[in-house]
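Commentary on secondary and tertiary structure
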Amino acid sequence: MTAPSLIAADSTRDRISSAPAVESCPLCDDSSSTLVRRIEVPAANHIGHFELRRCRTCDLVHVSPRLCDEELTELYDEDFYFSTGGTLGTLTSSIVELIQSRRRERVERYVSPGRLLDIGSGDGRFVQHMARHGWAATGIDFSTAALECSRRFHSGARFFHGALEDHNFPERSLDLVTLWQVLEHIGEPLELLERCHILLRPGGMIVAGVPNIDGLSSRLTGSRWWGLDVPRHQIHYTPATLRRMLEAAGFRVIHIRHRSLQYDPYALLHSSLDWFFTRRHFLSDLAKRQVPQDMGGVELARNLATLAALAPLLAPLALAATTAGSCFGYGGFIEVHARRD
């Protein structure tokens, strides 16, 4: 999931200032924490101030203050996250299909095709892919734009709009639950994971992919790291804290993957360039053809020149750094496979 610039309406800006602080850890409920980093988020003539805090007991990092679900929904630019028009080019479609095939192959090492629920299904391509390969696949997403995207294809997949608690899925009815770059968006993840545990049959699997705040990319780029995306990303995981979260929900972790060619090299390149652009997330804005309208010609030319000068140098360095990081267990993104015993 890409990280667009934060553009808030006046009412949302006011609520950023008045949002309540997070008093206790979402995992262990301890109220003692240390400050990791302060983040200033531009929000249309206003700066929202947030803190990353690390629990003294379990090491989980969370964002404070935390906006409520309705307020967070206003901060998602649906046109940026979910493209509702047109089709992907042939090369891009092939890459996307390759990514989904690799995901499916990793999943099927541990569980045979059966009933799948993909939470935060986005444009629905993973669900569509799984349905074409013998899975009874269902996707669910809070975004109406995502629902519109997902229904463009006809592969036997099902899609629902809303949150998990809005739908009455039977207990022990699923063989697999997936959360691709979703769990970091959930302010109370333990409650969600416990619900997933109830829905999975004994022996069923859950797979979660999240950014790794202790990864090499995060360490190198600090507050500019693409994976922070404050305040949308409310919880920031490490391999150890994600394991603790899953175990607290009743799962047994069987594999942690530290490599993500889909996200990590681009994320490090994006984060590194952000130190030189006049505005954060210019690379993502440019890729989606959504450069801010108030960016003048001189500013745009400066950023394009910066991109042309630095990208050829930084891109191979980003690939080399993220590859090395993953080899030593410091990948910028992690993928955890866990079983409901």
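Since this is a predicted model, take the numbers as computed values, not measurements.

Let us now look at the overall build of the chain. The helix and strand tally for the chain stands at 12 helices and 11 strands. Sorting the 341 residues of the chain into buried and exposed places 51% on the buried side. Considering only residue pairs separated by 6 or more positions, the chain has 73% of its internal contacts joining residues 24 or more positions apart. Total accessible area computed for the chain in this model is approximately 15,500 Å², and 52% of it derives from carbon and sulfur atoms.

Most of strand S7 (residues 174-180) is tucked away, with 7 of its 7 residues classed as buried. In this structure, strand S4 (residues 115-119) lies alongside S7, joined through 3 bridges in parallel fashion. What sits directly across from Asp118, in S7, is Thr178. One ladder, built from 6 bridges, connects S7 with strand S8 (residues 200-211); its direction is parallel. Each residue of the ladder has a partner; that of Leu179, found in S8, is Ala208.

Looking now at the packing of aromatic side chains. Under the definition given, this model contains 8 aromatic pairs. A centroid spacing of 5.4 Å and a plane angle of 75 degrees characterise the contact between Phe126 and Trp180, whose relative ring orientation is edge-to-face. Residue Phe126 is located in helix H5 (residues 125-132), and its partner Trp180 is located in strand S7; the two are separated by 54 residues in the primary sequence. When the ring of Trp225 is compared with that of Phe333, the centres are 6.2 Å apart and the planes differ by 55 degrees; the resulting orientation is tilted. Of the two residues, Trp225 is situated in the loop between helix H8 (216-221) and strand S9 (235-236) and Phe333 in strand S11 (residues 333-339); the sequence distance between them amounts to 108 residues. As far as burial versus exposure is concerned, Trp225 and Phe333 are alike and both buried. A network of ring pairs unites the aromatic residues Trp225, Trp226, Tyr263, Tyr266 and Phe333 as a single cluster. Of note, Arg103 hangs over the ring of Trp180, and the distance from its end group to the ring centre comes to 4.1 Å.

A sheet is described by the order of its strands in space; here 7 strands give the open sequence S6-S5-S4-S7-S8-S11-S10, paired in mixed fashion. Across the chains shown, the open sheet's two edge strands, defined by having one partner strand only, are strand S6 (158-161) and strand S10 (252-257). For this sheet the average axis-to-axis angle between neighbouring strands, irrespective of direction, equals 15 degrees. Here 5 bridges tie S4 to strand S5 (residues 136-141), and the two strands are oriented parallel to one another. What sits directly across from Ile119, in S5, is Ile140. The strands touched by H5 within the sheet are S4, S5, S6 and S7, with S5 carrying the most contacts at an inclination of about 170 degrees. On the sheet, helix H9 (residues 239-248) packs against S8, S10 and S11 and is oriented at approximately 25 degrees with respect to S11.

Our focus in this paragraph is the packing of helix H10 (residues 264-274) against helix H12 (residues 297-327). Between H10 and H12, whose axes approach to 8 Å, the crossing angle comes to 135 degrees. The orientation of H10 relative to H12 falls into the category oblique. Of the two possible hands of crossing, H10 and H12 adopt the one that is right-handed. Across the interface between the two elements, Asp264, Pro265, Leu268, Leu269, Ser272 and Leu273 from H10 touch Leu307, Leu310, Ala311, Leu314, Ala315, Ala318, Leu319, Ala321 and Thr322 from H12.

Of all hydrophobic cores here, the largest spans 36 residues; its most connected members are Ile119, Leu183, Ile206 and Leu246. Of all the secondary structure elements, the ones that give two or more residues to this core are S4, S7, helix H7 (189-199), S8, H9, S10 and S11. Looking at this core, the element that brings in the most residues is H7, giving 5 residues. When residues no more than four places from it in sequence are discounted, the contact partners of Leu183 are Pro189, Leu192, Leu193, Ala208, Val210, Tyr237 and Leu242. Judged by nonpolar contacts, the second largest core, of 15 residues, contains Val107, Phe126, Met130 and Leu176.

By the secondary structure assignment, Thr221 is in helix H8. Looking at Thr221, the relative accessible area reads 3%, which means it is buried. At a separation of 2.7 Å, a polar atom in the side chain of Thr221 contacts the main-chain carbonyl oxygen of Ser217. With residues up to four places along the chain from it excluded, the contact list for Thr221 reads Leu268, Ser271, Ser272 and Trp275.

Taking 1.5 Å of rise per residue, the 31 residues of H12 would be expected to cover 45 Å, and the 43 Å separating its terminal C-alpha atoms lies within 8% of that figure. Largest kink in H12: about 50 degrees, centred on Ala311, with the proline Pro312 one to four residues after it. For H12, the full list of buried residues reads Asn303, Thr306, Leu307, Ala311, Leu314, Ala318, Ala321, Thr322, Gly325 and Ser326. On the buried face of H12, the contacting elements are H8, H10 and helix H11 (282-287).

How each quantity is defined
- Residues numbered from 1 in each chain as written.
- Predicted model: local features only at pLDDT ≥ 70, side-chain atom pairs only at ≥ 80, totals over all residues.
- Heavy atoms only, no water.
- Helix = DSSP H or I, 4+ residues; strand = E, 2+ residues; numbered from the N terminus.
- Buried < 20%, exposed > 50% of the residue type's maximum accessible area, 1.4 Å probe, protein only.
- Contact = heavy atoms within 4.5 Å.
- Areas by Shrake-Rupley, 256 points an atom, 1.4 Å probe, with all protein chains shown as cover.
- Pairing = 2+ DSSP bridges.
- Phe/Tyr/Trp six-rings, centres within 6.5 Å; stacked < 30°, edge-to-face > 60°.
- Lys NZ or Arg CZ within 6 Å of the ring centre and 35° of its normal.
- Axes fitted to C-alpha atoms, helices over the stretch in contact; angles between N-to-C directions.
- Parallel < 35°, antiparallel > 145°, perpendicular 65-115°, else oblique.
- Left-handed = near helix turned anticlockwise from the far one by under 90°.
- Core = buried A, V, L, I, M, F, W, Y, C linked by side-chain atoms within 4.5 Å.
- Polar contact = N/O pair within 3.5 Å; in protein donor to acceptor, adjacent residues only side chain to side chain.
- Expected span 1.5 Å × (residues − 1).
- Bend = angle between axes of the 7 residues up to and from the residue.

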